[in-house]
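Observations on the model geometry
Chain by chain, the residues:
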Amino acid sequence: MSREEVALHVDWTRCRGRGLCTEVFAARLARDEWGFPLARDGGATRDVPVLPEERAAAEDAVALCPLQALRLTAR
Amino acid sequence: MTLTHPPTIPVPTGTRRLLAAAGPGLVDHERTHGPLPAVGPAVIDEIARAGVEGRGGAGFPLARKLAAIARQGGTARTRGRSGPLVVANGAEGEPASRKDAVLLRRSPHLVLDGAVVAALATGATEAVVATSAGLAPVVRQALAERRDPVRVTVRALPHAGFTAGEASALASAVAGGPGVPQDRVVRLSERGPGRRPTLVSNVETLAQAALVARYGAEWTRGVGSAAAPGTRLVTVSDVRDPDTAVVLETAGGAVLGDLLVASRLDRADPRRAQAVLVGGWGGTWVPATALDATLDAPGLAPWGASPGAGVLAVLGADTCPVVTTARIATALAGASAGRCGPCVNGLPGIAEQLTALAGGRPTRDVEHLVSLVDGRGACHHPDGVARMVRSAMHVFREDVLAHRSGRCLVGGVR
Amino acid sequence: MDTALWVLGRGTGVAAVVLLTVAVLLGVVTRGGRPLPWLARFEVQLVHRDVSLAATLFVAVHVVTLLLDTEAELRLVDTVVPFAGAYRWFWLGLGTLAVDLLVALVATALLRRVIGPRVFRAVHRAAYAMWPIALAHAVGTGTDGTSWWFLAVAGVCVAVVLAAVAWRCSAHVTEFRTRKLETVR
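Model, not experiment: these values are computed from the prediction. (Residues numbered from 1 in each chain as written. Chains lettered and ligands numbered in written order. Predicted model: local features only at pLDDT ≥ 70, side-chain atom pairs only at ≥ 80, totals over all residues.)

Scanning chain C from terminus to terminus reveals 6 helices and 0 strands. Starting at the N terminus, the α and β elements of chain C follow one another as α-α-α-α-α-α. Over its C-alpha trace chain C gives a radius of gyration of 18 Å, about what one expects of a compact globule, namely 16 Å for 185 residues. Reported as C-alpha extents along the three principal axes, the dimensions of chain C are approximately 55 × 35 × 25 Å. Counting all 185 residues of chain C, 31% fall into the buried class. Expressed as a percentage of contacts within chain C between residues at least 6 apart in sequence, the contacts between residues at least 24 apart total 61%. (Helix = DSSP H or I, 4+ residues; strand = E, 2+ residues; numbered from the N terminus. Rg over C-alpha atoms; globule rule 2.2 N^0.38 Å. Buried ≥ 20, exposed ≤ 12 C-beta atoms within 10 Å, placed from the backbone. Contact = placed C-beta atoms within 7 Å.)

In structure tokens form, the structure reads like this:
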């Protein structure tokens, strides 16, 4: 999955709004008033597009989520 | 595809197709439609030409789903218990819809034919009809009269909740799991529960496929509009009381106002209608001026609406739209499966604010809350709520303004 | 040599108790999804992980030095099978039990992407058992176990962990008041 376009997929059935992803991937993820991640581009927060230069931050978010609610998928 | 339809059976003319048989039994069914012809994967092309679209709400072309599954299955390794699975969605979770119940009671054999057609088209050897506990016996009775080339079973669903009919929830329930919406990274048609390519299709959609398999695409397109060929079932009701509903079979692309008149429901009289909620409770409000639009995608697009599950819930002129919207939002909040944060927090929040607005009390910014639920969650339930509320705030903006200053355009001063 | 090993064994044991306490505290903060004044949420998680691994390292050295120390009479089997030892078999057995649990915690944490979040969480709750067992072992079997300074250290550890657990069980553990989500098996 090195050079293809990827998206950050949020498993909403696992997310508990702990907010680690919104710190590590702050460029794309804001946090709503209940703690849950919110896509900054105004689109749906199910599969958030990840630019190549953001790949590392997105991977950190995936690794750090305490509920394992994130994963990178091919777009 | 050569039609193997027996020449002794007259091809149905007019718009009585799904509900053409005199009764629900096999004898009446075969007297009207003849036996189900042999079909194979080639029927997918015919279904594509006929333009059969999903009748469960999303309107996704059936042929595309069938083709996707047919691509997956078929090898020796993927037969039987790990092969493709057809699930006929008769859960009818949509609160304002009654069409699936009517179809299953009146034409269960057409639905079963459709499930068989879908199975044979995709290489599945198993089909399940999932429906409520109340309707399961009806389908089982019909099933007992038949002998099918694939294994067909009926699954009674314990809860009649809204989200029970969501595709991933239904697939999960049929596979023995919890019947709640699941996170999906891969489409069901590619890999569903048990790693089986799974088709989840509304019972009416499958019944349409059964008609196409018999009479062909050209016949299907003989009635209806180009964007909505064939016929469809429509549920017309008073938006305050879905139990008053009337189900009609109509040619596709019919004018909304004509459908309201055809229902003969007093409460749905278009001359006294203020607005109509189109598609379902998670659908779109359209004003009374939209009643000359057609019930198909291009006809409703200017109003931001789509046919959805074929629901036309009418708001009479003597009913406050803000109160009604608040009640629907409250019901939809209660219908959440409770799995996802934005839905669990946001929907009750929206319902509370709308209820306050209905009471003429001050509220928070509703659009902000709506934007927090739209597009966030494992299923599209919150998206539907967002759509319904946004269209209400737009179509009823004068009522909303009045309520914000403590008045009501329908009931006078609050 | 034996005295050096004995001292090292005791020292690493005491250090391990303190580090495990810090690890438990950080774990509770992690669960609440809150930052600390000088650490962001993701940093709290990373420090929790690092302190846990450091604690595990100290426990490993503690066990190995005591194995090598002939006066300690620790057999290899005593490092995995609890309550089979001769010297203070009960208190030693608690230590073995704590080590067994610690191994399970670390293994499931390192493999959590493989085993999935539900199994990981179920096993990780064992931390609430591992910590008091480790502490009881330290007090009961350690040479310094009942000395005043160690009891003071142990007292502080108990106080902070009790406070953290009380906070963990309260409604304010997470940052935002959200409605309870259905947990599906």
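Still to come is the rest of the account.
Put simply, side chains in a regular strand alternate between the two faces of the sheet. All names here are of chain B. Of all the 5 residues making up strand S4 (residues 198-202), 5 are buried; the element is thus mostly covered by neighbouring parts of the structure. Of the two faces of S4, the one holding Thr-198, Val-200 and Asn-202 and the one holding Leu-199 and Ser-201 are both buried throughout. The pairing of strand S1 (residues 85-90) with S4 spans 5 bridges and is classified as parallel. From the neighbouring strand, Val-87 faces S4, where its bridge partner is Val-200. (Pairing = 2+ DSSP bridges.)

All names here are of chain A. An order of S4-S1-S5 is seen for the 3 strands of this open sheet, with the pairing classed as antiparallel. Both edges of this open sheet fall to strand S4 (47-50) and strand S5 (70-74), since each of them pairs with a single strand only. Adjacent strand axes in the sheet meet at a mean angle of 35°, parallel and antiparallel pairs treated alike. Where strand S1 (residues 6-10) lies against S5, 5 bridges are found, and the strand directions are antiparallel. When the sheet's bridge partners are listed, Leu-8 is paired in S5 with Leu-72. Together, S1, S4 and S5 form the strand contacts of helix H2 (residues 55-64), whose direction differs from that of S5 by roughly 135°. (Axes fitted to C-alpha atoms, helices over the stretch in contact; angles between N-to-C directions.)

Moving on: the UniProt feature "transmembrane region" (unreviewed entry) in chain C. Residue and element names in this part refer to chain C. As annotated by UniProt and renumbered to match this structure, "transmembrane region" (unreviewed entry) occupies residues 12-30, 51-68, 88-111 and 148-167. Secondary structure across residues 12-30 comprises 100% helix and 0% strand; the distance between its end C-alpha atoms is 26 Å. Strand forms 0% of residues 148-167 and helix 100%; the C-alpha atoms that close the span are 29 Å apart. (UniProt positions renumbered as here; feature names shortened; annotations may be inferred.)

This part is about the packing of helix H3 (residues 62-72) of chain B against helix H5 (residues 108-122) of chain B. Residue and element names in this part refer to chain B. Across the interface, H3 lies against H5 with an axial gap of 8 Å and an inter-helix angle of 45°. It follows that H3 is oblique to H5 by the angle criterion. Between H3 and H5, the residues in contact are Leu-66, Ile-69 and Ala-70 and Ala-118, Ala-121 and Thr-122, respectively. In terms of residue class, the contact of H3 with H5 is made up of 5 nonpolar, 1 polar and no charged. (Parallel < 35°, antiparallel > 145°, perpendicular 65-115°, else oblique. Nonpolar A, V, L, I, M, F, W, Y, C, P; charged D, E, K, R; others polar.)

Our focus in this paragraph is the interface of chain C and chain A. Facing 12 residues of chain C, the contacting portion of chain A comprises 14 residues. Considered class by class, the residues forming the side of chain C that touches chain A number 4 nonpolar, 4 polar and 4 charged.

With that out of the way, let us pick up the confidence of the model for chain C. Residue and element names in this part refer to chain C. When pLDDT is averaged across chain C, the result is 88; 91% of the residues are at 70 or more. Per-element mean pLDDT across chain C ranges from 91 in helix H1 (residues 2-32) up to 95 in helix H2 (residues 41-68). Predicted as a complex, the structure gets a pTM of 0.91 and an ipTM equal to 0.94. (pLDDT = per-residue confidence, 0-100.)

What follows concerns the environment of B:Glu30. Residue and element names in this part refer to chain B. By the secondary structure assignment, Glu-30 is in helix H1 (residues 26-33). Given 16 C-beta atoms within a 10 Å radius, Glu-30 is considered partly exposed. Sequence-wise, Glu-30 and Val-410 are 380 residues apart; in three dimensions their C-alpha atoms are separated by 52 Å.

On to helix H11 (residues 321-334) of chain B, then. Each α-helix turn comprises 3.6 residues. Residues three or four places apart therefore point the same way. Residues and elements named next belong to chain B. For H11, with 14 residues, the first-to-last C-alpha span of 20 Å sits near the 20 Å given by 1.5 Å per residue. Among the residues making up H11, those that are buried are Pro-321, Val-322, Val-323, Thr-324, Thr-325, Ala-326, Ile-328, Ala-329, Leu-332 and Ala-333. The inward-facing, buried residues of H11 abut strand S7 (273-278), strand S9 (311-316), helix H12 (341-358), helix H14 (381-395) and helix H15 (397-404). (Expected span 1.5 Å × (residues − 1).)

With 13 residues, helix H4 (residues 112-124) of chain C extends only 10 Å from end C-alpha to end C-alpha; this falls clearly short of the ideal 18 Å at 1.5 Å per step. A bend of about 75° at C:Arg118 is the largest found in H4(C). (Bend = angle between axes of the 7 residues up to and from the residue.)

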